[in-house]
Amino acid sequence: MFRKRKSIGVGNRMENSTGKAPNTPITLEVLRERVDNMEDAEIIEHQTHNDSTIILVYIRTLIDKARLNESVIQPLRSCGNENLSECISASKITEILMVEEAEKQLMLGAILIFDTDENQWCSVNLKDPLGRGIETSETETILYGAKDSFTENLEQNIALIRRRLPITTLKTEKFTVGSLTETNVVLMYIEGLTNPHFYTIAREKIKNINYDQILDSSQLAAFIEDHKHSVFPQFQQTDRPDVCAYSLGVGKVTILVDNTPFALNAPINFFHLFQSPEDYINRWIVASFLRIIRYLSFMLSLLMIPLYVALTTHHYQMIPLQILFVLVETRGQLPLTPFWESLIMLVTLEVIKEASLRMPTKSGQTLGVIGGIVVGQAAVEAGFASQVLIVLVGISAIASFLVPNYLMTKATTLIQFMLLILASFLGVMGIFMGIIILFVHLNALTSLKQPYFTPVTPFYGKDWLDLFIRGPLHWMKTRPEALHPLQKWRYSRRR
């Protein structure tokens with residue numbers, strides 16, 4: 001009655017829809033069909049010094065035109081009886097036999113050369129290195145320390161890490177993912193230091209990606225993370241080469257994606273998301289104080305508004321009398337319950353945040369100031385929110401920005417809404433229930449199969465030196481035990 005549908009992979013569907021037969025011998029006619037209706041495709045003829053005809057095929061927008069003239073056209077014009085590899089000695093030449101390989105090279109920025117006398121095809125890579133220069137990181141700004149950040153150029157990003165780790169044991173493994181985008185992905189690790197378990201898992205996960213478009217490292221992370229429905233990031237996403245170099249040095253793996261200025265570091269734990277590159281630049285006492293402030297700010301942003309709703313709705317007898325008088329005075333004329341009052345203000349705050357991010361930089365700053373002051377004041381005068389709540393929402397919003405990881409900030413917002421709903425129904429008991437659910441969830445998470453809540457559970461005592469505080473560097477003699485590095489000690493053995 002029902003016809004069973006056959007499952008066809010993405011790559012297979014593309015191949016069948018275009019009707020291309022694989023492994024087709026390359027000819028000029030077949031290649032003309034492949035580049036038909038491509039305005040930037042060029043097929044031109046050149047005569048060599050001995051009147052031989054050479055045909056060049058390339059995509060004008062993908063190649064470096066200066067290198068084309070210097071490395072290919074000028075040598076061909078002066079070429080005598082030599083073959084192609086002898087004429088174009090300055091560039092690496094690869095012989096091409098199949099049209100599929102020619103098509104792939106063409107779209108990667110290579111130029112195809114057809115020697116009509118020898119009936120020989122070959123390719124020369126003349127890819128134009130598009131992209132911007134190395135700039136300062138905008139997502140992880142620090143006062144002291146390195147200012148450079150990753151760009152969209154994959155090889156440049158690898159070079160930025162290699163400059164910090166000039167060792168031959170820093171290995172790179174290249175993959176291609178996405179049947180449409182053909183995106184290059186590079187897995188980096190230090191051989192003899194990183195636990196092989198991590199890069200084996202990462203390698204298998206990347207190989208198993210069967211999706212047509214991988215345009216960003218966030219998309220790649222969505223396919224290789226262990227828990228796809230959790231709000232917590234399971235990879236550290238950073239655009240700083242020094243952060244990647246440090247992560248590699250303690251035994252993690254780094255994944256770079258072409259055309260993306262953000263790298264992925266793994267495995268991570270929950271506490272890594274509160275660490276800043278500046279922690280290792282400041283004096284250890286100052287760095288520890290700032291790290292504790294971040295944890296307190298996280299708790300404030302998470303609990304302040306739910307506690308306000310719980311106390312004013314269910315436990316107003318627990319509020320000190322003087323504060324209760326203030327609350328009664330400010331909320332006396334409000335038509336909304338504390339829950340709806342808080343929910344409306346938090347949603348409004350998120351709208352202002354998102355609008356500020358989508359606007360140009362200067363307009364975004366103006367919008368944030370106007371939104372925060374004018375909308376808040378107008379809400380109080382209109383009788384939609386109390387002055388106490390406006391103050392609490394402001395403190396909560398500022399506290400949320402102290403978490404260095406932006407993805408963690410967004411996760412905090414969702415958890416805050418969840419606790420707000422629980423507080424409106426069950427009061428303080430609901431907040432406790434929410435926190436217990438949160439701890440259970442965190443304890444169940446993993447990052448590259450490593451516990452997400454380590455070194456608390458499982459317990460690794462020595463790792464606590466770089467957990468809630470940042471201990472003195474000379475005390476941190478070993479790499480984190482939770483990462484199981486093959487080289488435990490950071491100190492070199494004395495001779």
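Reading the values: rules and limits
Residues numbered from 1 in each chain as written. Predicted model: local features only at pLDDT ≥ 70, side-chain atom pairs only at ≥ 80, totals over all residues. Heavy atoms only, no water. Salt bridge = Lys/Arg side-chain N within 4 Å of Asp/Glu carboxyl O. Helix = DSSP H or I, 4+ residues; strand = E, 2+ residues; numbered from the N terminus. Buried < 20%, exposed > 50% of the residue type's maximum accessible area, 1.4 Å probe, protein only. Pairing = 2+ DSSP bridges. Axes fitted to C-alpha atoms, helices over the stretch in contact; angles between N-to-C directions. Contact = heavy atoms within 4.5 Å. Arc of directions from axis to C-beta. Domains from an automatic or database assignment. Buried area = accessible area lost by both parts, 1.4 Å probe. Polar contact = N/O pair within 3.5 Å; in protein donor to acceptor, adjacent residues only side chain to side chain.

What follows is about the pattern of salt bridges. Enumeration over the complete set of coordinates arrives at 14 salt bridges. Asp 279 is paired through a salt bridge with Arg 291; the nearest N and O atoms lie 2.9 Å apart. Residue Asp 279 is located in the loop between β10 (263–266) and α10 (284–313), and its partner Arg 291 is located in helix α10; the two are separated by twelve residues in the primary sequence. The two residues Asp 279 and Arg 291 agree in class, both being buried. A cluster of three or more residues bridged by salt bridges with shared partners is formed by Asp 279, Arg 291, Arg 294 and Asp 466.

Sheet architecture is open: five strands sit in the order β6-β7-β9-β10-β8, paired in antiparallel fashion. Each edge of the sheet is formed by a strand with only one pairing partner; in this case those strands are β6 (170–177) and β8 (236–238). Geometrically, the sheet is characterised by an average inter-axis angle of 25° between neighbouring strands, direction not taken into account. Note that strand β7 (residues 183–190) and strand β9 (residues 253–257) share four bridges and pair antiparallel. Note that in β9 the partner of Val 186 across the bridge is Leu 256. Where helix α6 (residues 154–164) meets the sheet, it contacts β6, β7 and β9, and its direction lies at approximately 150° from that of β9.

Here we take up the sheet that holds strand β4 (residues 110–115). Pairing within the open sheet is antiparallel, and its five strands lie in the order β1-β2-β4-β5-β3. At either end of the open sheet lies a strand with only one pairing partner, and these are β1 (41–47) and β3 (93–96). Within this sheet the neighbouring strands show an average axis-to-axis angle of 25°, counted without direction. Taken together, the four bridges between strand β2 (residues 53–59) and β4 define a ladder with antiparallel strand orientation. Along β4, the bridge assignment pairs Leu 56 with Ile 113. In this fold helix α3 (residues 65–77) packs onto β1, β2, β4 and β5 (120–125), with an angle of close to 170° to the strand it touches most, β2.

Of the positions making up helix α5 (residues 99–107), those classed as buried are Val 99, Ala 102 and Leu 106. Viewed along the axis of α5, the buried residues span an arc of 55°, placing them on a single side of the element. Contact partners of the buried residues in α5: α2 (28–34), β2, β3 and β4. Looking one or two residues beyond α5, the residue adopting positive phi is Gly 109, at roughly 100°.

The domain architecture assigned to the protein consists of domain 1 (28–125), domain 2 (154–268) and domain 3 (281–450). Just the C-alpha atoms count here: the centres of domain 2 and domain 3 sit 34 Å apart. Across the boundary between the two partners, domain 2 contributes 17 residues, which contact 16 residues of domain 3. Summed over both sides, the interface of domain 2 with domain 3 buries roughly 1500 Å², with 70% coming from carbon and sulfur. At the boundary of domain 2 and domain 3, one finds zero salt bridges. Run the count over domain 2 and domain 3 and you get seven residue pairs in polar contact (both at pLDDT 80 or more). Of the residues forming the side of domain 2 that touches domain 3, the biggest block, five residues, is contributed by helix α7 (residues 196–207).

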